[in-house]
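Architecture at a glance
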Amino acid sequence: MINKTVEIAINDHIKHELYSAYLYLSMSAWAESNNLPGAAHWLQAQFNEEQGHALKLFHYVNEQGGRVTLQAISQPPGEWTSLLDLFQQVLEHEKKVTALINRLYEAAAQEKDYATQIMLQWFISEQVEEEQSAAQIVETLKMVGNAGHAVVMMDRHLAAR
Ligand code: FEO
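Residues numbered from 1 in each chain as written. Predicted model: local features only at pLDDT ≥ 70, side-chain atom pairs only at ≥ 80, totals over all residues. Heavy atoms only, no water.

**Focus on the overall build of the chain**
Secondary structure summary: the chain contains 5 helices and 0 strands in total. Ordered by position from the N terminus, the helices and strands of the chain form the series α-α-α-α-α. Counting only C-alpha atoms, the chain reaches 55 × 25 × 25 Å along its principal axes. Out of the 161 residues in the chain, the part that is buried amounts to 44%. (Helix = DSSP H or I, 4+ residues; strand = E, 2+ residues; numbered from the N terminus. Buried < 20%, exposed > 50% of the residue type's maximum accessible area, 1.4 Å probe, protein only.)

Take a look at the structure:
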């Protein structure tokens, strides 16, 4: 049976993962409307991944005999000034998620919930990858600049995800 404090904290985090999905879907809509189909594709793949993260926690709570309680998801922003601005926001968002995962791990440790700590190790590794891939895109976008042809090349690169 799952610890009640941990159950509440995981339920809260399911909302954050679903908000991440919602944010990336909104970013994808922005990319579509700005003729950046590669970026739109990358962001939709990210939308799918975030739903997978939420479901992983959803199934874990159920497997541990807990109760999933879904919460309201906030409206995400819908406008960005450039592709670089958008990916800088992706990176900032992932840093926030990393901090939330760390806090969740700390809650599980405090409650001596070892099973949840083991489950969360996957998320800790995943966050390292998520931050790394967003940071790489930000650095490349800074290097190539905002000229039309550079953004088109970057968009083609993002389409390969
Ligand atoms: Fe599920 Fe991008 O954190």
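This is not the end of the story, as more comes after the structure.
**A short note on the side chain of Glu126**
Summarising the element assignment, Glu126 is placed in helix 4 (residues 114-144). Here Glu126 is buried and forms no salt bridge, its nearest opposite-charge partner Arg161 lying at an N-O distance of 6.8 Å. (Lys, Arg positive; Asp, Glu negative; His and termini not counted. Salt bridge = Lys/Arg side-chain N within 4 Å of Asp/Glu carboxyl O.)

**Re helix 2 (residues 37-63)**
Across its 27 residues, helix 2 extends 39 Å between first and last C-alpha, which sits within 8% of the 39 Å expected from 1.5 Å per residue. Two residues or fewer after helix 2 comes Gly65, characterised by a positive phi angle close to 75°. (Expected span 1.5 Å × (residues − 1).)

**Concerning the nonpolar core**
The biggest cluster of nonpolar side chains holds 27 residues, and the ones touching the most others in it are Met27, Leu43, Leu83, Leu86, Phe87, Val90 and Leu158. Secondary-structure elements contributing two or more residues to this core are helix 1 (4-33), helix 2, helix 3 (83-110), helix 4 and helix 5 (148-159). Excluding its chain neighbours within four sequence positions, the residues that come into contact with Met27 are Leu43, Trp80, Leu86, Gln89 and Val90. Of all hydrophobic cores here, the second largest spans 16 residues; its members include Ile10, Ile14, Val97 and Leu120. (Core = buried A, V, L, I, M, F, W, Y, C linked by side-chain atoms within 4.5 Å. Contact = heavy atoms within 4.5 Å.)

**What to know about the packing of aromatic side chains**
Under the defined criterion, the tally for this structure stands at 3 aromatic pairs. Summarising the aromatic geometry, the rings of Trp42 and Phe87 are spaced 5.1 Å apart at their centres and angled 75° between planes, so their arrangement reads as edge-to-face. You can see Trp42 sitting in helix 2 and its partner Phe87 sitting in helix 3, a full 45 residues away along the chain. Each member of the pair, Trp42 as well as Phe87, is classed as buried. With a centroid separation of 4.9 Å and an interplanar angle of 85°, the aromatic rings of Trp122 and Phe123 are classed as edge-to-face. With a relative accessible area of 36%, Trp122 lands in the partly exposed category. For the cation-ring pair, Lys56 lies above Trp122, with the distance from its terminal atom to the ring centre recorded as 4.2 Å. A cation over a ring is seen here: Arg161 above Trp42, with NZ or CZ 4.5 Å from the ring centre. (Phe/Tyr/Trp six-rings, centres within 6.5 Å; stacked < 30°, edge-to-face > 60°. Lys NZ or Arg CZ within 6 Å of the ring centre and 35° of its normal.)

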